[in-house]
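A structural walkthrough
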Amino acid sequence: MPKHFLLIIIAMLFTGNAFATTEKAIFGGGCFWCMEPPYDKLEGVISTTSGYTGGHLDNPGYRDVSSGRSGHVEVVEITYDPEKISYEKLLKVFWVNIDPLNSRGQFCDSGSQYLSTIFYLTKEQRDAAEKSLKALVKSNILDGKVATTIRPASQFYPAEEYHQNYYQKNPVRYKYYRYGCGRDKRLKKLWKGVTLPF
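All figures in this text were calculated on a predicted structure; none of them were measured in a lab. (Residues numbered from 1 in each chain as written. Predicted model: local features only at pLDDT ≥ 70, side-chain atom pairs only at ≥ 80, totals over all residues. Heavy atoms only, no water.)

Attention now goes to the state of the cysteines. Tallying each qualifying case throughout the model produces 1 disulfide. Residue Cys108 pairs covalently with Cys181 via a disulfide, S to S 1.9 Å. Looking along the S-S bond of the Cys108-Cys181 disulfide, the torsion reads about -100°, which is the left-handed sense. Of this pair, Cys108 sits in the loop between strand S4 (105-106) and strand S5 (109-110) while Cys181 sits in helix H7 (residues 171-181), and the two are 73 residues apart along the sequence. On the basis of relative accessible area, Cys108 is assigned to the partly exposed category, the value being 42%. According to the relative accessible area criterion, Cys181 is buried, its value standing at 10%. Here Cys31 is not disulfide-linked; the sulfur of Cys34 is the nearest cysteine sulfur, at 4.4 Å. (Disulfide = S-S within 2.5 Å. Helix = DSSP H or I, 4+ residues; strand = E, 2+ residues; numbered from the N terminus. Buried < 20%, exposed > 50% of the residue type's maximum accessible area, 1.4 Å probe, protein only.)

Laid out in structure tokens, this is it:
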């Protein structure tokens, strides 16, 4: 066997992940600081990036989005390996980390920039999202009207660096915010003992 072919095979064995196919998913679940941790701990998730999407303003900053006038939603973009984790699993994690009944925002954050939204990137993602939403509504496991929307993804803009992995960079401030926002208390009330119908 020629030496250069042997070197190529060896390189492929040691860098197999470099050739792995990755996919992305985008979810809006209120404050993006709180949406990174549930995904970061999942096997198959490569990275999470806090950012903005869905609006009309190019290259928005945090002040633009938090004002509610940019049309953008705070989201987390997830890069994952579909051979290790499915989009359906990401959807399940999404649902149990939001309040689908809140039509004004999420938890203590109000405004269109905090609405719970699934942004689909492919027809397959759209179909899976719609299937999960229909199953949730039909099951009547939640006491109220589901306000979560499903929208086509548009340009994603990463948030400022200080927002990325905020829960790791500023653990005390993050925990204080999360507790003060009542996120975990509300999630427990909504989802404790509940089995998702999909």
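From this point, the narrative continues.
Turning our attention to the confidence of the model for the protein chain. The share of residues in the protein chain with pLDDT of 70 or more is 90%, and the mean pLDDT across the chain is 92. Contacts of residues 5-18 to residues separated by more than four positions or lying in other chains number 3 contacts, the stretch itself having pLDDT below 50. (pLDDT = per-residue confidence, 0-100. Contact = heavy atoms within 4.5 Å.)

Even without a glycine there, the phi angle at Phe107 is positive, about 55°. Here Phe107 is to be found in the loop between S4 and S5. Phi is positive for Asn140, close to 60°, though the residue is something other than glycine. Within the secondary structure, Asn140 sits in the loop between helix H5 (123-139) and strand S7 (149-152). Residue classification places Asn140 among the exposed residues on the basis of a relative accessible area of 62%.

According to the stated counting rule, one finds 6 salt bridges in the structure shown. A salt bridge links Arg186 to Asp99; the nearest nitrogen and oxygen atoms lie 2.9 Å apart. Of this pair, Arg186 sits in helix H8 (residues 183-191) while Asp99 sits in the loop between helix H4 (87-95) and S4, and the two are 87 residues apart along the sequence. Among the residues examined, Arg186 registers a relative accessible area of 25% and is labelled partly exposed. When its relative accessible area of 5% is taken as the criterion, Asp99 is described as buried. Two residues, Glu161 and Lys169, come together in a salt bridge whose shortest N-O distance is 3.2 Å. Lys169 sits in the partly exposed class, given a relative accessible area of 42%. (Salt bridge = Lys/Arg side-chain N within 4 Å of Asp/Glu carboxyl O.)

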